[in-house]
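# Close look at the chain arrangement
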Amino acid sequence: MSLSGAKFCVRSRAAFAPIDGNSTGSLSMEVERPAAKRGHGPIDIGPGLFQLEAEEGKRTDMRNDFVFGERLFEQSSKANIIRFLAGEKMFHGIGNVRASKLVEKFGAGLLSAIAKRDPGILNLIPEDAAIALFENFADAAAGAELAMYLDTLGVDKWLGRKVVDAWGQLGVRRLQSNPYLLISWLDWKKVDAIGRSVGIGPSNPKRLCAACEHVLYVRLNQGHTWTSVADVKKRLVALVGQELSAEAVAACVDNHGAISNDNGLQPYGAAVMEQFTLNQACALQLDQEDLFDGLMMPESDFDRHVREIESQQGFGFTEMQLTAVRSALENRFNVFAGYAGSGKTSVLRAVCGLAEACGLKIHLMALSGRAAKRITEATGYPSSTIARFTRDNRGKELERANLILIDEASMVDLPDLYRILRIGTKAKVCLIGDPAQLPPIGFGAPFSNLVEYPGVQRVVLDKVHRQDETTGIPTIAKNIRYGISDELERYAGVKDGVQYLRVSQERAPQAIFEIGKDFAKAGCNRDDMQIIAPVKGGDGGVNNINRFMSSLRPAREFIIGSEAIRVGDPIVYLSTDQDRDLRNGSLGRLLKPDLADFEGNVVSLSADDVENIDLAYCLTVHKSQGSQWDRVIVPLFSSTRTSFVERSLIYTAITRAAKQVVIVGEYDAYAKAIRSETAANKRQSGIIAHG
């Protein structure tokens, strides 16, 4: 797999866009593929957006309501321009009044005035608004033109906005030349209908290339970054027919829609990301320059610092833990694999202390806000979410005297890791995670892949520390990793360990409520217990359990804009809002109809927030990753989607508990899930194929 000098497609649909401040588009069918907009090109005042034909102002059957998304307008061209200037979000501080003044002043010469940065514009609008207009006009105008074209194709408003945001300066002409470029955003049937409507034939390489890309994108959305050629051809039959399937594969590879890798294909972007990740992970480990720059610690100082840390924490390190700490200082790239309770946090704390003594700047991070907060509390060092780190360092390249530490790295998907490594190309990097946990929600499984890849510096932490051996949780968790289902003790109240309570799915919510009452009577804090379910649907799923728990105290005020959540309910935020420091998975509690506390971050709410907030009496296993509670209740039934409920899911749920786990439901479902293959092992990747 050789990708020297490769450029790749940035796909919003598969979480590619935007990647960073340096990437560009890829080439396919001799048309540059779009990348996220960056920088500002020259202002084009040629024919296009504002030069409407005489008949263009008469159409009234508008399909969408983009800010400037209609193809044609009922109003005059002058009103059209005012609407564009006032409504475009890139033009800060203009509005209708100032836009009208600009149009009245310059008339048909406005575009030329903007292009030349006419000082007269500064007499009509504030300087900061004028600068925004000058610098962003080309992007905005091209984006508006693209929005118009997409509108004529019937592209939904929400998707159209994403396409405009990523492809603004690509322009209409490129899409008119090859509408199959939309396969990065739309499904095959929609794109094929558009392509065929403009006369592109069944065997046209543009169509065949897009069909093959579609197959790879479907697989990508399932987590796979690599697909065998035989499987691709089989899937192509339904799209282009048996006779054209091999030709479609060839067209996709020849025109840079995919990369060939060990009898398989990869989407171009995923292939570039994985090779870059491998290059970083397998780079020269010991850099002699670090010795001369004082970025490595003499052996005597290392031993002294370790003894001090052991004295402070009250216990000593195992041999493998010391190996991990030393490796973090000596090697440029490390993977630390430790199962639940193996002392990963202790290693992380020691690495931070020793790295600081070496003069390294520490960047400690995790995927979720709750996990980042837990790391800070455990290590004493500030941490952030991965989203905040990549946002704060966009376009930067950290120097060698930096150490990036990623906790819960098994949860990190390929695009997120790629973004981090692009920023930390020269920095030291340590990935710390549990390979037995669930793979990322997004595509790829880079942590699990790197643990197994030859040539990567890795340390396996093999001794359990977090949970007391007497609880039985460590032993059962270890057996789950090997596909062994233990006989579980029957639930009989608050008691450390893993117990089982047989109930029907219909009775599950009430049974879970009774267990919660037992915990409360024993003095357990409500924030130290959690329900974790593998699926959302069904009587024993996340949604029904949440509704049941909230309805037990009905005489409470509802959240603003909804009657699904009440004051006092635990809640989870379902998207990322960087301005308010909220991440997908942030846990909190509703304090007032318009006020919530997310892990100490008190946030005012509006009706617009409702669609991003859900009840959190019960969480999905994915949402629970990176968090820990004293006691956890796990509803599990045979009638749930058994192909989805597998070993790593059960392992992840059980290891969220420090003291007690109660499996509620059917033991057969528990045993069957443990016998199944772990999810991370099911994912096919170019890293494994390359290895």
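In this report, we go over the structure that sits alongside the text. The model shown is predicted, which means the values in this text are computed figures rather than measured ones.

What counts as what
Residues numbered from 1 in each chain as written. Predicted model: local features only at pLDDT ≥ 70, side-chain atom pairs only at ≥ 80, totals over all residues. Heavy atoms only, no water. Helix = DSSP H or I, 4+ residues; strand = E, 2+ residues; numbered from the N terminus. Buried < 20%, exposed > 50% of the residue type's maximum accessible area, 1.4 Å probe, protein only. Contact = heavy atoms within 4.5 Å. Areas by Shrake-Rupley, 256 points an atom, 1.4 Å probe, with all protein chains shown as cover. Pairing = 2+ DSSP bridges. Axes fitted to C-alpha atoms, helices over the stretch in contact; angles between N-to-C directions. Salt bridge = Lys/Arg side-chain N within 4 Å of Asp/Glu carboxyl O. Core = buried A, V, L, I, M, F, W, Y, C linked by side-chain atoms within 4.5 Å. Domains from an automatic or database assignment. Right-handed = clockwise from strand over helix to strand, strands pointing away. 1 Å grid on protein atoms, 1.4 Å probe; cavity = no way out; pocket = protein on both sides within 12 Å on 5 of 7 lines; lining within 4 Å. Points joined across faces, edges and corners; volume = space filled by probe spheres on them. Nonpolar A, V, L, I, M, F, W, Y, C, P; charged D, E, K, R; others polar. Lys, Arg positive; Asp, Glu negative; His and termini not counted. Polar contact = N/O pair within 3.5 Å; in protein donor to acceptor, adjacent residues only side chain to side chain.

### What to know about the overall build of the protein chain
Helix and strand content of the protein chain: 27 helices and 22 strands. When the 691 residues of the protein chain are sorted by exposure, 56% land in the buried category. Considering only residue pairs separated by 6 or more positions, the protein chain has 71% of its internal contacts joining residues 24 or more positions apart. As presented, the protein chain carries roughly 29100 Å² of accessible surface, and 48% of it is formed by carbon and sulfur atoms.

### Some details on the sheet that holds strand S8 (residues 383-385)
Read across the sheet, six strands follow the order S8-S7-S9-S10-S6-S11 without closing on themselves; strand pairing throughout is parallel. Each of the sheet's edge strands pairs with one partner strand only, and the pair in question is S8 and strand S11 (458-461). Between one strand and the next, the sheet's axes are offset by a mean angle of 20°, whatever the strand orientation. Sitting on the sheet, helix H16 (residues 369-379) is in contact with strand S7 (361-366) and S8, with an inclination near 170° to S8. Across the sheet, helix H18 (residues 414-423) is in contact with strand S6 (333-338), S7, strand S9 (402-406) and strand S10 (428-433); its angle to S9 comes to roughly 170°.

### Re the pattern of salt bridges
Side chains carrying opposite charge are able to pair once their charged atoms draw close together. In the structure shown here, the tally under the stated rule is 19 salt bridges. Among the ionic pairs, Glu399 bridges to Lys426, the shortest N-O distance being 4.0 Å. You can see Glu399 sitting in the loop between helix H17 (386-392) and S9 and its partner Lys426 sitting in the loop between H18 and S10, a full 27 residues away along the chain. With a relative accessible area of 47%, Glu399 lands in the partly exposed category. Judged by its relative accessible area of 34%, Lys426 is partly exposed. One network of salt bridges, with partners in common, ties together Asp301, Arg304 and Glu308.

### Considering the nonpolar core
Ranked by size, the top nonpolar core spans 37 residues in total, and within it Leu150, Leu182, Val232, Leu236 and Val240 carry the most contacts. Elements supplying a minimum of two residues to this core: helix H4 (127-152), helix H7 (188-197), helix H8 (205-221), helix H9 (229-240) and helix H10 (242-254). The biggest single contributor to this core is H8, with eight residues. When residues of this core are sorted by domain, at least three fall in each of domain 1 (65-177) and domain 2 (183-267). Apart from the residues within four sequence positions on either side, Val240 is in contact with Arg207, Leu208, Ala211, Ser245 and Ala248. If you look at the next biggest cluster of nonpolar residues, it comprises 36 residues, including Ala340, Ile473, Ala477 and Ile532.

### Looking at the sheet that holds strand S13 (residues 497-502)
Note on sheets: strands pair through backbone hydrogen bonds, and any given pair is parallel or antiparallel. With parallel pairing, the six strands of this open sheet are ordered in space as S12-S13-S22-S21-S14-S20. Each end of this open sheet is capped by a strand with a single partner; those strands are strand S12 (489-490) and strand S20 (618-620). Examined bridge by bridge, strand S21 (residues 629-636) and strand S22 (residues 657-665) share seven bridges and lie parallel to one another. Counted as the bridge partner of Val634 is Ile663 from S22. Contacting S13 and S22, helix H20 (residues 473-481) crosses the sheet at an angle of about 60° to S22.

### Digging into the pairing of S11
Only one face of S11 is buried: it carries Val459 and Leu461, and the other face, with Arg458 and Val460, is open. Relative to S11, S6 is paired through four bridges, and the arrangement is parallel. Following the sheet pairing, Phe336 is matched in S11 by Val459.

### Focus: unusual backbone geometry
Phi angles above zero are rare outside glycine, and Asn263 is one such case at about 60°. Structurally, Asn263 can be placed in the loop between strand S4 (258-260) and strand S5 (264-267). The phi torsion at Glu408 lies on the positive side, around 50°, for a residue other than glycine. Inspection of the secondary structure puts Glu408 in the loop between S9 and H18. Owing to a relative accessible area of 10%, Glu408 belongs among the buried residues under this scheme.

### As for the pairing of S10
Within S10, six of the six residues are buried, leaving the element largely enclosed by the surrounding structure. The alternating pattern of S10 places Lys428, Cys430 and Ile432 and Val429, Leu431 and Gly433 on opposite faces, both of which are buried. Bridge count between S9 and S10: four bridges; the pairing is parallel. Following the sheet pairing, Leu405 is matched in S10 by Cys430. With respect to chirality, the unit in which S9 leads through H18 into the neighbouring parallel S10 is right-handed.

### Quick look at the layout of surface pockets
A probe as big as a water molecule, rolled over the atoms, marks out the empty space that is left. Its boundaries defined by the atoms lining it, the second largest pocket holds a volume of some 900 Å³. Lining the second largest pocket we find 31 residues, and of these Arg526, Met529, Pro570, Arg589 and Tyr617 sit closest to its centre. Take the lining of the second largest pocket: its biggest share by element is five residues, from helix H21 (residues 508-521). Split by residue class, the lining of the second largest pocket holds 16 nonpolar, six polar and nine charged.

### Some thoughts on the side chain of Asp434
As for its placement among the helices and strands, Asp434 is situated in the loop between S10 and helix H19 (446-452). Summary of buried charges: Asp434 has no salt-bridge partner, and the nearest side chain of opposite charge, Lys344, is 4.8 Å away. Here the side chain of Asp434 touches Ala436 through a polar contact of 3.0 Å, landing on its backbone nitrogen.

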